[in-house]
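Examining the three-dimensional arrangement
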Amino acid sequence: MRVSVLGLGYVGCVSAACLASMGHEVIGVDVNPVKVDLVNDGKAPVVEERIGELTAEAVRTGALRATTDVREAIMGSEVSLICVGTPSEPNGSLCTTYLERVTEEIGAAVAERGGRQTVVFRSTMLPGTCLNLLVPILEKYAGGTAGVDFGVAVNPEFLREGTSVKDFFDPPKTVIGELDKASGDVVAALYEGLPGEVFRVPVPTAEAIKYADNAFHGLKIGFANELGAVCQALGVDSHQVMDVFLADRKLNISAAYLRPGFAFGGSCLPKDLRSLVHAAHRADVSVPILSHVLPSNADHLQRAVELVERLGKRRVGLLGLSFKSGTDDLRESPLVELAERLFGKGYDLRIYDANVNLSRLLGANREYIENRLPHLAQLLAESVGEVLEHAEVCLVGTRDPAVLAALPHGTDDGSPVIVDLIRLPDAEARRDERGYVGIAW
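Rules and cut-offs
- Residues numbered from 1 in each chain as written.
- Predicted model: local features only at pLDDT ≥ 70, side-chain atom pairs only at ≥ 80, totals over all residues.
- Heavy atoms only, no water.
- Phe/Tyr/Trp six-rings, centres within 6.5 Å; stacked < 30°, edge-to-face > 60°.
- Lys NZ or Arg CZ within 6 Å of the ring centre and 35° of its normal.
- Pairing = 2+ DSSP bridges.
- Helix = DSSP H or I, 4+ residues; strand = E, 2+ residues; numbered from the N terminus.
- Axes fitted to C-alpha atoms, helices over the stretch in contact; angles between N-to-C directions.
- Contact = heavy atoms within 4.5 Å.
- Patch = residues over 30% accessible without salt bridge, like charges linked within 9 Å, V, L, I, M, F, W, Y side chains within 5 Å.
- Areas by Shrake-Rupley, 256 points an atom, 1.4 Å probe, with all protein chains shown as cover.
- Salt bridge = Lys/Arg side-chain N within 4 Å of Asp/Glu carboxyl O.
- Expected span 1.5 Å × (residues − 1).
- Buried < 20%, exposed > 50% of the residue type's maximum accessible area, 1.4 Å probe, protein only.
- Arc of directions from axis to C-beta.
- Left-handed = near helix turned anticlockwise from the far one by under 90°.
- Nonpolar A, V, L, I, M, F, W, Y, C, P; charged D, E, K, R; others polar.
- Domains from an automatic or database assignment.

Below, the discussion takes up the packing of aromatic side chains. In the structure shown here, the tally under the stated rule is three aromatic pairs. Ring plane angle 80° and centroid distance 5.4 Å describe the contact between Phe-168 and Phe-169, whose orientation is recorded as edge-to-face. Over the ring of Phe-158 we find Lys-173, and its NZ or CZ is 4.1 Å from the ring centre. Positioned above the aromatic ring of Tyr-347 is the side chain of Arg-314, whose terminal nitrogen or guanidinium carbon lies 4.0 Å from the ring centre.

This is the structure we're talking about:
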């Protein structure tokens, strides 16, 4: 394919050289004439393993050249990869100035060129940037409709500086945010033959994935460093701890606990986080990440309360009460905390949990509920149906099959609004219903 790559920084330079080595005809574009001259001389403008050899070979064979002229590049290509920078503004917001400027130039050239051009944004940008900002610019300057007269896609990169060439040819995944199928097909064809799973998703999803990755990478590094500092203060070898931690592929290095849902609770996580943070403070070790895990959890619980408040209805049902479905453990259950807050705000509350029976609660479990929700007896219902009949708003916090089977779809005027705290199995089908709200989706 004939490809133009706009922006010859790390991402653009590597993308251009690697695509050229795969057999594509590539034109690199940059406003900096020094970078352009380097590429045309067969030299990479960045220092990176293998990039020098790839650039030299691609230029020697005629598969890669560079220019400062966006119009020239668009005229000589059928697909354009935008790799310009999106730095931070002084207030931390995303700077889209370079994206907007190059998008205007591309649009004007597309209008002059004719034929279908596919514009692929590889720059990191927040969800909504492409559809709400860049597509309107393209349509204005190109004089056409995105997805009809020209293609648009978002294709985030997952290249690490120092190993970016290796990462290009052996990617962890390929993500294609496609405005339409034809646009996605063009991007998929660019990388045909590379290993790794390909995900073709809506444009905003592709934009968000890059942020999810980088935020988690930063969180992991910060977590490991804070834990290391605490271990050092307590006389423990942090690397021995993490060797064992990393060996657990069932819970630690896995998909466990990484699905958005409701707040955590139970008899272990809250108390152990408190103890660890307290130990760190006693040892004069600052642990801002660990210190804010429980406040973050509390904020997420408060979102559910505020969601109910915004709905403006007074009769509320809660399906599920225990810390985990299939148990009667109420200790530090976020659903108990949720019930307590709603009851305290004067909501007319009914609760059903098949596993919670006051007469069977014992020991610390019973003591906890008597302290936190002493009015539980008058709030408990005998069946799912009793809660649904009572409620104008029904919060679902259990995966009990009997509960799931009884939930109505919110299409009838008499049905309660379903507030989903667990991501119901049919959540995707319910999303467009008037009577459905997800806590984090």
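Strand order in this open sheet of five strands is 10-9-11-12-13, and the pairing throughout is parallel. Among the strands making up the open sheet, the edge pair consists of strand 10 (348–352) and strand 13 (436–438). Neighbour-to-neighbour, the strand axes of this sheet turn through a mean angle of 20°, independent of strand direction. Relative to strand 10, strand 9 (residues 315–319) runs parallel, the two being bridged by five bridges. Paired with Leu-318 across the two strands is Ile-351, which belongs to strand 10. The strands touched by helix 13 (residues 293–311) are strand 9, strand 11 (393–396), strand 12 (417–420) and strand 13; relative to strand 12, the strand with the most contacts, the crossing angle is about 165°. On top of the sheet, helix 14 (residues 334–344) reaches strand 9, strand 10 and strand 11; it is set at about 170° to strand 9, its chief contact.

With that settled, consider a nonpolar patch on the surface. On the surface, Phe-216, Leu-219 and Leu-258 cluster together into a nonpolar patch covering about 260 Å² of accessible area. By the element assignment, Phe-216 lies in helix 9 (residues 203–233).

So, on to helix 11 (residues 269–282). Here helix 11 is 14 residues long and its end C-alpha atoms lie 20 Å apart, about the 20 Å a rise of 1.5 Å per residue gives. Buried residues of helix 11: Pro-270, Leu-273, Val-277 and Ala-280, and no others. The arc that holds the buried residues of helix 11, viewed along the axis, is 95°, so those residues lie on one side. Backbone geometry just after helix 11 places Asp-284 at a positive phi near 60°.

So, on to the packing of helix 5 (residues 97–113) against helix 6 (residues 129–142). What describes two packed helices is the angle between their axes and the distance between those same axes. Contact pair helix 5 / helix 6: the axes reach a minimum separation of 7 Å and the direction vectors enclose 35°. Between helix 5 and helix 6 the crossing geometry is right-handed. Here Leu-99, Glu-100, Thr-103, Glu-104, Ile-106, Gly-107, Ala-108, Val-110 and Ala-111 of helix 5 lie close against helix 6, whose contacting residues are Leu-133, Leu-134, Ile-137, Leu-138, Tyr-141 and Ala-142. When the residues that make up the contact of helix 5 with helix 6 are grouped by side-chain class, the tally is 11 nonpolar, two polar and two charged.

When the parts of a complex come together, some accessible area is lost, and that lost area is often taken as the interface size. Parsing the chain into structural domains produces domain 1 (2–204) and domain 2 (296–438). Between the C-alpha centres of domain 1 and domain 2 the distance comes to 48 Å.

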